[in-house]
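# A structural walkthrough
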Amino acid sequence: MTASIAWERRRTAAARFARTYAEQRSGLAGLVVLGATLVVALTAPLYITADDLSVITATGGVLEPPSAAYPLGTDESGRSVLALTIMGSRISLLVGVAATLLSVVIGSLVGMLAAHFGGWPSAILMRLTDFFLVLPSLVLAIVLSTVLQRGAFTIIVAIGVTSWASTARLVRAQTLAIEARPYIERAQVLGGGHAHVLGKHVLPAVLPLVLANTTLTVGSAIISESTLAFLGLGDPASVSWGTMLKAAVDSGAITAGAWWYLLPPGIAIVAVVLGFTLCGRALEIVLNPALAARR
Amino acid sequence: MTDLLPSTTTATDLAEPTKGRAQGGLAFVLRTIGGGLISMALIVVLGFFMFRVLPGDPVRAMTRDRPGNPEQLARLRAEFGLDQPLPQQFLDYLGDLARGDLGTSYKYSQPVTDLILGRLWPTVLLTGTALVISVALGLWLGSRAAWRHGSAFDRFTTATALVLWSVPTFWLGLIVLMVFAVALDLFPTAGMTSPGGVDGFFPAVLDVAHHLVLPCLTMVAVVYAQYLMVMRSSLLEEMTADYLTTARAKGLREDLVRRRHAVPNALLPTITIIFLQVGFVVSGAVTVETVFSWPGLGLLTYQALAVPDIPLLQGTLIALSSAVVIMNVAADLVYRLVDPRVRTR
């Protein structure tokens, strides 16, 4: 019986959540863009083969403008820019999401621990957070990806460990607010240890806010990935939007006026990042309706 | 990364409301400067940690793509002192830093300190100009948008800001370069001065200004959007305040209510955020300078990572991070001077 009541409540809560979210037109637009991108990225191997991406088997001319055969023209090795842009979405999304997860996990841990324990551990953690908050993170990420073994994993680590500070600040504030509530005291009186209070009570209460923050962070992580790839720190073996732009510049697409090579990857980045930003802002309003007046 | 693109945190999320209020002026100054010193120490440790403690081998990174023989590698290791035990390396590193010696660049065969000092001015010129324009534009548009909340003007400026927020700086730079420098040929494509130089003081200033337009435009486009959003949201928080009703009741014109009462109060949290995001501007400088070959610290960083030139990269990391920390300490001190609520206690 109790289980069905709980399910009933969860269903109503989810329905309310979906309804409030659906009232945000820009949030819906963001969701549509992201959904479409995800479908394209996941189904790409069905219609793009390794031959399309191979420099050796490419059939087009060098930097050919758009035509019927190549809707977005060709790159410097005669490959279709359209096929490259579609395949590029996979690495860009993967790195963006993975780096964000790493960053959010670090940020949430630091924020929750700092708020829960207080005293000197908190002082140290927050000083570290403030330090990472002001640092020019791109410079730090550049150094990390230069020193470590090159590859997608390094990029993920470099972005993840340099971008957690604002999440930590946010989570700390939220944890402090939640731990001031009586039910936390009740849990402690009943013998709940640190792990129990943090895991069972604080974490579920903090998670919604973290989710909205995560959505906003993915956008910046995707931009970071493309920036690092553009600076030549990406994985040279795989195609991402950043490595495409790097190749475009190196092959002289700017002086050749090859706009069809520069525009598609860039517009793809802008669309996806904007999609994540709009979704994140809509989520924030759903979670904190008071914000709606200020948007 | 501190986010290349900071999330839409509002001023109240980040500003510590109690910070520096209930304590004496001197104690506050000392605490702020102490915090800055701790940050500087962390930067020094970070510089060491990044290049000597992490599993990546700097010598291997430097000789990547060039198979060196074991003797060469050993000689390079000895040159950087990498054959010493770690504590000894750290002491040597601290001693060198204290003497202002950041080592010798692998690529340029010059002291890193000289290279950095030589590239400082172009970066200050570019980021300084871009910052001033972005702050002015962002605050002005942001306060107008908030004041006419929900109007067509508000919707348009907010939408533009959100889109520009989502644009990678380097890509915008590439497009600007292709359109204005290559296709239309209105501005130079690279550098800070015309090759061969220009005679006379004023022609030289004009020449630099001509080269400055495109990089500056790119930086402003990406940076002002954030200031706009921060200013807009902090002014919106003030919009319902009682003191505005009082100001209107005593007969002030709407324009004066905004300029004399609402905006000054909304400015304070905005200033904090602006300085917190200086790191973001510095990150932008790296990509903009790379795209436009602007001879500053950002381009130097790019040139160092392309080799890779480890001593130079370590030097620019320390220089850029220290600059950001110093700016933030200065901002904290200035904030206390300009906030009357803090000043009078």
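These notes cover the structure that comes with them. Predicted model only: the values in this text are computed from it and were never measured. Each chain carries its own residue numbering, running from 1 in the written order of its sequence. To label them, take the chains in the order written and letter them from A, then take the ligands in the order written and number them from 1. Since the coordinates come from a predicted model, pLDDT governs what is reported: local features require at least 70, and pairs of side-chain atoms require 80 or more to be given and counted, while whole-chain, interface and lining totals use all residues. Calculation of side-chain values draws on the structure's entire complement of heavy atoms; hydrogens and water are dropped beforehand.

### A short note on the overall build of chain B
Threshold: The way it works is that DSSP assigns letters per residue, a run of H or I at least four long becomes a helix, a run of E at least two long becomes a strand, and they are numbered from the N terminus. The buried label goes to any residue with under 20% of its type's maximum accessible area, the exposed label to any with over 50%, and the partly exposed label to all in between, with areas taken from a 1.4 Å probe on protein chains only. The contact criterion used throughout is that any non-hydrogen atoms of two residues lie within 4.5 Å. Residue burial considers only the protein chains on display, and all accessible areas are found by Shrake-Rupley using a 1.4 Å probe.
Along its length, chain B carries 15 helices and zero strands. The burial tally for chain B puts 50% of its 345 residues in the buried class. Sequence separation of at least 24 residues holds for 74% of the intrachain contacts in chain B that already meet a minimum separation of 6. By element, 66% of the accessible surface of chain B is carried by carbon and sulfur atoms, the whole surface being about 15,800 Å².

### Concerning the environment of B:Arg155
Residue and element names in this part refer to chain B. Position of Arg 155 relative to the elements: it lies in helix H7 (residues 152-165). A relative accessible area of 55% places Arg 155 in the exposed class. A sequence separation of 110 residues divides Arg 155 from Val 45, and the C-alpha atoms of the two residues are 46 Å apart.

### A few points about the packing of helix H4 (residues 81-117) of chain A against helix H7 (residues 152-160) of chain A
Residues and elements named next belong to chain A. This is how it is decided: In this description, a line fitted to the C-alpha atoms serves as the axis of each element, helices being fitted only across the stretch in contact, and the angle between N-to-C directions of two axes falls anywhere from 0 to 180 degrees. Each angle gets one of four labels, with under 35 degrees taken as roughly parallel, over 145 as roughly antiparallel, 65 to 115 as roughly perpendicular, and the rest as oblique. For any pair of crossing helices, the crossing counts as left-handed if the nearer helix is rotated counterclockwise from the farther one by less than a right angle, and right-handed if it is rotated clockwise. Just so you know the grouping, Ala, Val, Leu, Ile, Met, Phe, Trp, Tyr, Cys and Pro go in nonpolar, Asp, Glu, Lys and Arg go in charged, and all remaining residues, Gly too, go in polar.
Where H4 contacts H7, the axes come no closer than 8 Å and their chain directions differ by 40 degrees. When the axis of H4 is compared with that of H7, the two are oblique. The two elements H4 and H7 meet at a crossing, and its hand is right-handed. Mapping the contact onto sequence places Val 95, Ala 98, Ala 99, Leu 102, Ser 103 and Ile 106 in H4 and Ala 152, Ile 155, Ile 156, Val 157, Ile 159 and Gly 160 in H7. Of the residues belonging to the contact of H4 with H7, the class tally is ten nonpolar, two polar and no charged.

### Here's the deal with the nonpolar core
To keep things clear, this is the line we draw: Take the buried Ala, Val, Leu, Ile, Met, Phe, Trp, Tyr and Cys residues and link them wherever side-chain atoms come within 4.5 Å; each set so joined is a nonpolar core.
One finds A:Ile142, A:Ile222, A:Leu228, A:Tyr261, A:Leu262 and B:Phe51 to be the most contacted residues of the largest nonpolar core, which totals 142 residues. Per-element accounting of this core gives the leading share, 17 residues, to helix H9 (residues 201-238) of chain B. Aside from chain neighbours lying at most four places away, what touches A:Ile142 is A:Leu228, A:Leu231, A:Leu233, B:Val286, B:Thr301, B:Leu305 and B:Leu313. Membership of the second largest hydrophobic core comes to eleven residues, among which are A:Ile178, A:Ile184, A:Leu198 and A:Val210.

### A word on the pattern of salt bridges
All names here are of chain B. So the rule is basically this: Should a side-chain nitrogen of Lys or Arg be within 4 Å of a carboxyl oxygen of Asp or Glu, the pair is scored as a salt bridge.
Under the counting rule described, the total for this entry stands at eight salt bridges over all chains. Note that Arg 99 is salt-bridged to Asp 96, the shortest N-O span being 3.4 Å. Classification of Arg 99 by relative accessible area gives exposed; the value is 62%. Look at Asp 96 and you get partly exposed, because its relative accessible area is 27%. A salt bridge links Asp 154 to Arg 232; the shortest N-O distance between them is 2.8 Å. Taken together, the residues Asp 154 in helix H7 and Arg 232 in helix H9 connect sequence positions 78 residues apart. Connected via shared salt-bridge partners are Asp 255, Arg 258 and Arg 259.

### Brief notes about the interface of chain B and chain A
A common measure of how large an interface is: the accessible area buried when the components associate. Short version of the rule: Summed over both partners, the accessible area lost on bringing two parts together, with a 1.4 Å probe, is the buried area. Any pair of N or O atoms that falls within 3.5 Å is considered a polar contact. Within protein, one atom must be able to donate a hydrogen and the other to accept it, and sequence-neighbouring residues count only if both atoms are side-chain atoms.
Taken residue by residue, the interface counts 65 residues in chain B and 63 residues in chain A. Of the roughly 5,600 Å² buried at the junction of chain B and chain A (both faces included), carbon and sulfur atoms supply 74%. Across the chain B-chain A interface, the total number found is zero salt bridges. There are four residue pairs in polar contact (both at pLDDT 80 or more) connecting chain B and chain A. Among the secondary structure elements, those contributing two or more residues to the side of chain B that touches chain A are helix H1 (11-14), helix H2 (25-53), H7, helix H8 (169-183), H9, helix H12 (278-292), helix H13 (297-306) and helix H14 (310-338) of chain B. Of the residues forming the side of chain B that touches chain A, the biggest block, eight residues, is contributed by H2(B). Grouping the amino acids of the side of chain B that touches chain A by side-chain chemistry returns 39 nonpolar, 19 polar and seven charged.

### Comments concerning the packing of aromatic side chains
We count it as follows: Within 6.5 Å between ring centres, the rings of Phe, Tyr and Trp (the latter by its six-membered ring) count as paired, and their orientation is classed by plane angle as stacked under 30 degrees, edge-to-face over 60, tilted in between. Placement of a positive charge over a ring is assigned whenever Lys NZ or Arg CZ falls within 6 Å of the ring centre and within 35 degrees of the normal to the ring plane.
Counting across every chain of the model gives seven aromatic pairs over all chains. Here the aromatic rings of A:Phe230 and B:Phe170 are separated by 4.3 Å at their centres, their planes lie at 15 degrees, and the arrangement is stacked. Here A:Phe230, found in helix H10 (residues 194-230), pairs with B:Phe170, found in helix H8, and the two come from separate chains. As far as the burial class goes, A:Phe230 and B:Phe170 line up, both buried. A connected cluster of aromatic rings, assembled from ring pairs, spans A:Phe131, A:Phe132 and A:Trp164. The aromatic ring of B:Phe153 is capped on one face by B:Arg148, whose charged end is 5.0 Å from the ring centroid.

### Concerning the packing of helix H11 (residues 254-276) of chain B against H14(B)
When two helices pack together, their arrangement is given by the angle between the helix axes and by the axis-to-axis distance. Residue and element names in this part refer to chain B. In contact at an axis separation of 9 Å, H11 and H14 are set at 170 degrees when each is read in the N-to-C sense. When the interaxial angle is binned, H11 and H14 end up roughly antiparallel. Contact with H11, carried on its side by Leu 268, Pro 269, Thr 272, Phe 275 and Leu 276, involves Met 327, Asn 328, Ala 331, Tyr 335 and Val 338 of H14 and no other residues of that element.

### Some remarks on the environment of A:Gln24
Residues and elements named next belong to chain A. Residue position: Gln 24 is located in the loop between helix H1 (2-22) and helix H2 (25-47). We classify Gln 24 as buried; its relative accessible area is 15%. Separated by 216 residues in sequence, Gln 24 and Ser 240 place their C-alpha atoms 31 Å apart. Contact partners of Gln 24, with chain neighbours within four places excluded, come to Ala 282 and Ile 285.

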